[in-house]
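Notes for the structure review
The lines below spell out each chain.
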Amino acid sequence: PELAAAELERAVKELGLKGANISSHINGVELGLAGLDPFWAKAVELDVPVYIHPHGTASDRFQRYLLWNSIGQNLEETMAMLSLVHDGVMDAYPGLKIVFAHGGGFVPYAPGRVDRNSEDGRRERLNSKIRAKVSDYLDRFYYDTCLYDPVMLFTLAARVGADRLVMGSDYPVGDLDPVGFVERERSLGDSARRGILGQTASTLLKIGV
């Protein structure tokens, strides 16, 4: 973690990079349990975003039907998000800017079952460092729009706010028209679409602001 923090500082201050891209786990250890405090603290100090892309899964269960890609990636993001919340990272570093690939996995679209485990009858077994519900943290993250489904794009914007969304493409193997995907969702409104298509990322990355 100390070396990662030092490399992040070098990347930003010497190389002029605008943030970092990390995996959804560290050699099989969830992000909130990997002792990454020096890295999170450095990201806050430098005021740069950390983009989380799924590591992928090699489990035999996910090799048929390309499940490693269709649902495995979202499961990775889900695990990373729940660890960052339950293991206290988001509380410990309120200035931390985390951007999730692929719309953030599954939690933003079905938080009810996750929140249900915060109820009094289940809390003792939950073993979480937080007293709030996971859904209370959803608008602390940023999300890219690589969703391939306009209903989910609308749902995500409604859940966390369009100002937490940045355009995602999954380049070079993903959406062939990521700009059009956002522009066709007219329910978002012109201002929200402009934010998603550039202004929010520009602010996060301190480019042109």
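For the structure, see preceding data.
Before going further, it helps to spend a moment on helix α1 (residues 2-13). Its 12 residues place the ends of α1 16 Å apart at the C-alpha level, agreeing with the 16 Å of an ideal helix rising 1.5 Å per residue. As for α1, its buried residues are in contact with β1 (20-23) and α2 (37-46).

Glancing now at the packing of α1 against α2. Taken N-terminus to C-terminus, the directions of α1 and α2 make an angle of 20°; their axes are 7 Å apart at the nearest point. Considering their axes alone, α1 and α2 lie roughly parallel with respect to each other. Relative to α2, α1 is oriented so that their crossing is right-handed. Contacts from E2, A4, A5, L8, E9, V12 and K13 of α1 reach α2 at P38, F39, K42, A43, E45 and L46. Looking at the contact of α1 with α2 residue by residue, the class counts come to eight nonpolar, no polar and five charged.

Next up on the list: the pairing of strand β4 (residues 50-53). A regular strand places its side chains so that they alternate between the two faces of the sheet. Only one face of β4 is buried: it carries V50 and I52, and the other face, with Y51 and H53, is open. In this structure, β1 lies alongside β4, joined through four bridges in parallel fashion. Along β4, the bridge assignment pairs S23 with H53. With three bridges connecting them, β4 and strand β5 (residues 98-100) associate as parallel partners. The residue bridging Y51 from the neighbouring strand is V99, located in β5.

In this structure, W40, L84, I98, F100 and F141 are the most contacted members of the largest nonpolar core, which totals 45 residues. The leading source of residues in this core is helix α4 (residues 72-86), at five residues. Not counting residues up to four positions away in its chain, the partners in contact with W40 are I22, L31, V50, L84, V89, Y93, L96 and I98.

In this structure, the amide linkage connecting Y171 to the following residue, P172, adopts the cis form with an omega of 10°. Looking at where P172 falls in the secondary structure, it is placed in the loop between β7 (165-166) and α9 (178-183). Non-glycine residue D47 carries a positive phi angle of around 55°. As for its position among the elements, D47 is in the loop between α2 and β4. By relative accessible area, which is 30% here, D47 ends up partly exposed. Phi is positive for Y148, which is not a glycine, with a value near 65°. For Y148, the position within the fold is in the loop between β6 (142-144) and α8 (150-160).

What counts as what
Residues numbered from 1 in each chain as written. Predicted model: local features only at pLDDT ≥ 70, side-chain atom pairs only at ≥ 80, totals over all residues. Heavy atoms only, no water. Helix = DSSP H or I, 4+ residues; strand = E, 2+ residues; numbered from the N terminus. Expected span 1.5 Å × (residues − 1). Contact = heavy atoms within 4.5 Å. Axes fitted to C-alpha atoms, helices over the stretch in contact; angles between N-to-C directions. Parallel < 35°, antiparallel > 145°, perpendicular 65-115°, else oblique. Left-handed = near helix turned anticlockwise from the far one by under 90°. Nonpolar A, V, L, I, M, F, W, Y, C, P; charged D, E, K, R; others polar. Buried < 20%, exposed > 50% of the residue type's maximum accessible area, 1.4 Å probe, protein only. Pairing = 2+ DSSP bridges. Core = buried A, V, L, I, M, F, W, Y, C linked by side-chain atoms within 4.5 Å.

Nothing here speaks to function; it is all geometry.
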